[in-house]
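Summary of the model geometry
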Amino acid sequence: MKYFLILLLNFSVKVFAQNCFRTEPCKCFMEDNSGYINLKSLALSSGGPRWTLDGGDGYFYQYNPCVGFENEKFTDLAVLQVHENNSNLEYNLGIQATETFVTSLSKGLSITYASSASAAKRKSEVILECIPGSRDHELQFVGELIVTEYEFILKSPCACPGLCDDTGLIVPDASTSSQISTMPPSGDETLQPDPVGSGLNWNQVGSDLVGLIFHDFILVAIIASTIVIVQYIMGYRCHCYKNGQSMKFTDA
Ligand SMILES: *[C@@H]1O[C@H](CO)[C@@H](O)[C@H](O)[C@H]1NC(C)=O
């Protein structure tokens with residue numbers, strides 16, 4: 001029965017949060033064979049950050065996936081924090097060399113970065129939110145939820161398995177793919193830098209939270225019903241066992 005519980009838990013973990021195995025920078029393959037997640041088309045390769053967000057906390061946050069950017073102090077940056085009034089006050093929040101794909105029950109798939117490969121002072125986590133129908137690639141700053149650990153959400157169709165390749169959105173229709181080869185509209189669109197973000201958008205964060213709570217609710221419901229089923233089966237067994245004993249008694 002214990003094994004059944006563990007199996008069921010394991011199953012629900014897999015249903016809600018598939019692992020994604022990193023094959024090269026910015027690219028991973030889904031455990032359930034649903035395809036590659038490829039963020040390469042989102043990166044600026046010009047040596048700057050794709051996104052600069054006003055965190056609303058006195059700092060700007062810069063992020064570039066896949067390709068490191070640098071300034072006077074740091075190289076190979078993925079995430080940088082810059083003080084709004086003093087650009088000399090800047091902190092390395094993660095370098096590309098530490099890029100790791102992580103799956104958790106509460107957040108799903110995310111990419112983590114650390115400020116150095118060993119004894120990192122700061123860390124960043126970019127939660128990947130798959131938005132299949134979208135053509136936008138939006139970064140939101142969630143906050144410094146744990147001291148020196150910074151959380152972001154990247155909403156993009158390229159956060160979905162199988163929807164993007166190195167150049168951007170894959171258009172499955174053969175008749176439109178010929179258009180793609182003459183002019184690269186999806187690539188251009190994906191490389192347009194987003195306007196400076198407005199930090200937290202509570203409407204969106206709120207719906208994310210509801211999603212998370214709902215997700216946890218489903219999990220709790222599964223565990224609760226499992227316990228009820230297990231108790232029912234165990235109770236049934238005990239009943240049989242008692243019957244067996246009483247039969248023994250009548251035999252003797
Ligand atoms: C930046 O300067 C403005 C105007 O002087 C000030 O109101 C704000 O508090 C400063 N920000 C920080 C984080 O110190």
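Keep in mind it's a predicted model, so treat the numbers as computed, not measured. (Residues numbered from 1 in each chain as written. Predicted model: local features only at pLDDT ≥ 70, side-chain atom pairs only at ≥ 80, totals over all residues.)

1. Description of the overall build of the chain
Each helix and strand in the chain was counted, giving four helices and 14 strands. A sequence separation of at least 24 residues applies to 45% of the contacts in the chain between residues at least 6 apart. (Helix = DSSP H or I, 4+ residues; strand = E, 2+ residues; numbered from the N terminus. Contact = placed C-beta atoms within 7 Å.)

2. Here we look at the sheet that holds strand β11 (residues 138-146)
Spatially, the five strands line up as an open sheet ordered β8-β9-β10-β12-β11, and their pairing is mixed. In the strand order of this sheet, the two ends are held by β8 (100-104) and β11, each with one partner. In this sheet, neighbouring strand axes are inclined to one another by 30 degrees on average, regardless of whether the strands run parallel or antiparallel. (Pairing = 2+ DSSP bridges. Axes fitted to C-alpha atoms, helices over the stretch in contact; angles between N-to-C directions.)

3. Regarding the nonpolar core
A general trend in soluble globular proteins is that nonpolar side chains are found buried together. Ranked by internal contacts, the top residues of the largest apolar core, which has 40 residues, are Y61, Y63, V79, V126, L128, F152 and L154. Counting only elements with at least two residues in this core, the list comes to β4 (51-54), β5 (59-63), β6 (77-83), β7 (90-95), β9 (108-114), β10 (123-130), β11 and β12 (149-156). Residue contacts for V79: discarding those within four places in its chain leaves Y61, Q62, Y63, L93, G94, Y113, S124 and Y150. (Core = buried A, V, L, I, M, F, W, Y, C linked by C-beta atoms within 7 Å. Buried ≥ 20, exposed ≤ 12 C-beta atoms within 10 Å, placed from the backbone.)

4. Structural notes on the confidence of the model for the chain
Taken residue by residue, the chain gives an average pLDDT of 80. The fraction at 70 or more is 68%. Per-residue pLDDT stays below 50 along residues 176-205; that stretch engages in 40 contacts with residues further than four places along the chain or on separate chains. Predicted confidence for residues 240-252 stays below pLDDT 50, and this span has zero contacts to residues more than four positions away or in other chains. (pLDDT = per-residue confidence, 0-100.)

5. Examining the sheet that holds β6
On the basis of which strands lie adjacent, the open sheet formed by four strands has the order β4-β5-β6-β7 and antiparallel pairing. What marks the edges here is a single partner per strand, and that holds for β4 and β7. Each strand of the sheet is rotated relative to its neighbour by a mean of 20 degrees, with strand direction disregarded. Both β6 and β7 contribute to a ladder of five bridges, which runs antiparallel. Counted as the bridge partner of Q81 is Y91 from β7.

6. Notes on the pairing of β8
Working note: regular strand, side chains alternate between the two faces of the sheet. In this structure, β8 lies alongside β9, joined through five bridges in antiparallel fashion. Note that in β9 the partner of T100 across the bridge is T112.

7. With respect to the environment of P25
Tracing the chain through its elements places P25 in the loop between β1 (20-24) and β2 (27-30). In the structure, P25 is positioned 40 residues away from P65 in sequence and 9.0 Å away in space, judged by C-alpha atoms. Those residues in contact with P25, other than ones at most four positions away along the chain, are C66, Q96 and E99.

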